[in-house]
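Descriptive analysis of the structure
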Amino acid sequence: RTVQVLRWRIENIMNEKSAALLRSTIPSKLEVRVPHPSDAVDQAPDWIQERNNVHSAARPYKIMATITIIDAIQACDPSDAIIVFSNRIDTLNAIRGNRPGFLFTGAVSSEARITIIDEFNKDGGIIYLTTKAGGVGINLTRANHVIITDLAWNPVDDNQAVSRSWRMGQVKPVTVYRLIAEGTLEERLYRRNIQKHALAARVLEETQFNRLYTREDLMRLTEADDSSLVPTTVIMNHRVL
């Protein structure tokens, strides 16, 4: 009721539209969870270090899985363009060393960024972006495949990254691949993201994603027993299946 009253109060100054309009205006989006193994993870006293340990242990599998996905996409349709997101530049460089493409990070100058975006939107291929540097403010509708190699703490960051491709101007259905290291903090984080995403979608009709983690949330993510979270394998059009 509070949300509805707020909408009534601002209806004369804000032109608000439901996310359903976006889904009816542009091609569909399919999100797929891609589970992969991981080497043994060194336990850490805090969750930030453990997250780094998880990525280091799972990195070879993430690189291999990403290369496999890229090869499958290009074998099916060479004209399809691909975005690869990661929070780690070393991971992007390792994948790019096997499958060449554009590199977009915080170290790239403003002039070079414009050139990279223009060339990618014109010629396609593969573009490698760090989630923080390339996850907001740019238009990459040439791409219809998005690979998220690792999860951000804040689900908003990954959703914004996906929106570089799935946005107004997109003419093809978009497929998103989220790589998840099974049995690790990353898997529990992913399930928590699904829970928060569903709550935000239910309250705000998927128009905003501003849910952030509290310190208590992050502490619970390091607990071994996370049975309260429901495993989810596929998300289609932001609806949990």
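Further up the page is the structure itself.
None of these values were measured; they are calculated from a predicted model.

Things to note about helix α4 (residues 89–98)
An α-helical segment advances 3.6 residues per turn. Residues three or four places apart therefore align on the same side. All of the buried residues along α4 are Thr91, Leu92 and Ile95. Seen end-on, α4 carries its buried residues on one side only, within an arc spanning 100 degrees. Of the surrounding elements, those touching the buried residues of α4 are α3 (47–76), β2 (81–86), β3 (102–104) and β4 (126–130).

Looking at the nonpolar core
Counting 22 residues, the largest nonpolar core has Ile83, Phe104, Ile127, Leu129 and Leu140 as the members making the most contacts within it. Broken down by secondary-structure element, the contributors of at least two residues to this core are β2, α5 (110–123), β4, β5 (143–148), α7 (155–162) and β6 (174–181). In this structure, Ile127 is in contact with Ile82, Ile83, Val84, Phe102, Phe104, Ile116, Phe120 and Leu140, ignoring residues within four places of it in sequence. Counting residues in hydrophobic clusters, the runner-up holds 17 residues, among them Ile69, Ile82, Leu103 and Leu179.

Looking at the pairing of β6
The element β6 is largely enclosed, with a buried count of eight among its eight residues. Of the two faces of β6, both are covered, the one formed by Val174, Val176, Arg178 and Ile180 as well as the one formed by Thr175, Tyr177, Leu179 and Ala181. In the sheet, strand β1 (residues 29–36) pairs with β6 via eight bridges, with the strands oriented parallel. Bridged to Leu30 within β6 is Thr175. Sheet topology places β5 next to β6; four bridges connect them, and they run parallel. By the bridge assignment, Val146 is partnered in β6 with Val176.

What to know about the pattern of salt bridges
Taken as a whole, this structure holds 10 salt bridges when the rule is applied. One salt bridge connects Lys29 with Glu31, and the closest N-O pair in it is separated by 2.6 Å. The same class applies to Lys29 as to Glu31, namely buried. We note a salt bridge from Arg88 to Asp90, for which the minimum N-O separation is 3.0 Å. Three or more residues are tied together by salt bridges with common partners; here these are Lys29, Glu31 and Arg178.

Digging into the side chain of Ser165
Relative to the helices and strands, Ser165 resides in the loop between α7 and β6. Judged by relative accessible area, which is 0%, Ser165 ranks as buried. For Ser165, the contacting residues outside a window of four places in its chain are Ile83, Leu140, Thr141, Ala143, Asn144, Val146, Gln170 and Val174.

Description of the environment of Val156
On the secondary structure map, Val156 appears in helix α7. Judged by relative accessible area, Val156 falls into the buried class, the value being 15%. Counting along the chain gives 21 residues from Val156 to Gly135, while the straight-line C-alpha distance between them is 9.9 Å.

Here we look at the environment of Asn144
As for its placement among the helices and strands, Asn144 is situated in strand β5. Judged by its relative accessible area of 4%, Asn144 is buried. Considered as a pair, Asn144 and Pro27 are 117 residues apart in the sequence and their alpha carbons are 10.0 Å apart. Not counting the four nearest positions on each side in its chain, Asn144 is found in contact with Asp80, Ala81, Ser165, Gln170, Lys172, Pro173, Val174 and Thr175. Here the side chain of Asn144 touches Asp80 through a polar contact of 3.4 Å, side chain to side chain.

Points about the packing of aromatic side chains
In total, this model carries one aromatic pair according to the counting rule given. Ring geometry for Phe102 against Phe120: centres 6.2 Å apart, planes inclined by 90 degrees, an arrangement best described as edge-to-face. A residue pair is termed long-range when its members are at least 10 positions apart, and Phe102 in strand β3 and Phe120 in helix α5 qualify at 18 residues. Residue classification places Phe120 among the buried positions, given a relative accessible area of 0%.

What about α5?
Helix length check: α5 (14 residues) gives 20 Å between terminal C-alpha atoms against 20 Å at 1.5 Å per residue, within 8%. Turning to α5, its buried residues number three or more, namely Ile116, Ile117 and Phe120. Buried residues of α5, viewed axially, fall in a sector of 95 degrees; they line one side. Those residues of α5 that are exposed and aimed more than 90 degrees away from the buried face are Glu111, Ile114, Lys122 and Asp123. Buried residues in α5 make contact with β2, β3, β4 and β5. Downstream of α5 by a residue or two, Gly124 has a phi angle that is positive, lying close to 75 degrees.

Rules of the game
Note that residues are indexed from 1 along each chain, following the sequence as it is written. For a predicted model such as this one, the threshold for reporting local features is a pLDDT of at least 70, and the threshold for listing and counting side-chain atom pairs is 80 or more; totals across whole chains, interfaces and linings nevertheless cover every residue. To obtain the side-chain values, all non-hydrogen atoms of the structure were included, while hydrogens and water were left out. With a 1.4 Å probe rolled over the protein chains alone, any residue whose accessible area is under 20% of its type maximum counts as buried; one over 50% counts as exposed, and the rest are partly exposed. Secondary structure elements are taken from DSSP: a helix is a run of H or I of four residues or more, a strand is a run of E of two residues or more, and numbering for both begins at the N terminus. Picture the helix axis, draw a direction to every C-beta atom, and the arc is the one those directions span. The criterion used for residue contact is that any of the two residues' heavy atoms lie within 4.5 Å. By nonpolar core is meant a set of buried Ala, Val, Leu, Ile, Met, Phe, Trp, Tyr and Cys residues that side-chain atoms within 4.5 Å join together. Two strands form a pair only when DSSP identifies at least two bridges running between them. Should a side-chain nitrogen of Lys or Arg be within 4 Å of a carboxyl oxygen of Asp or Glu, the pair is scored as a salt bridge. Polar contact is the term for a pair of N or O atoms within 3.5 Å; when the atoms are in protein, one must be able to donate a hydrogen and the other to accept it, and sequence-neighboring residues count only if both atoms are side-chain atoms. Between the rings of Phe, Tyr and Trp (Trp by its six-membered ring), a pair exists once the centres lie within 6.5 Å; its type follows the angle of the planes, with under 30 degrees stacked, over 60 edge-to-face, and the other angles tilted. In this scheme, a helix's expected span is set at 1.5 Å multiplied by one less than its residue total.

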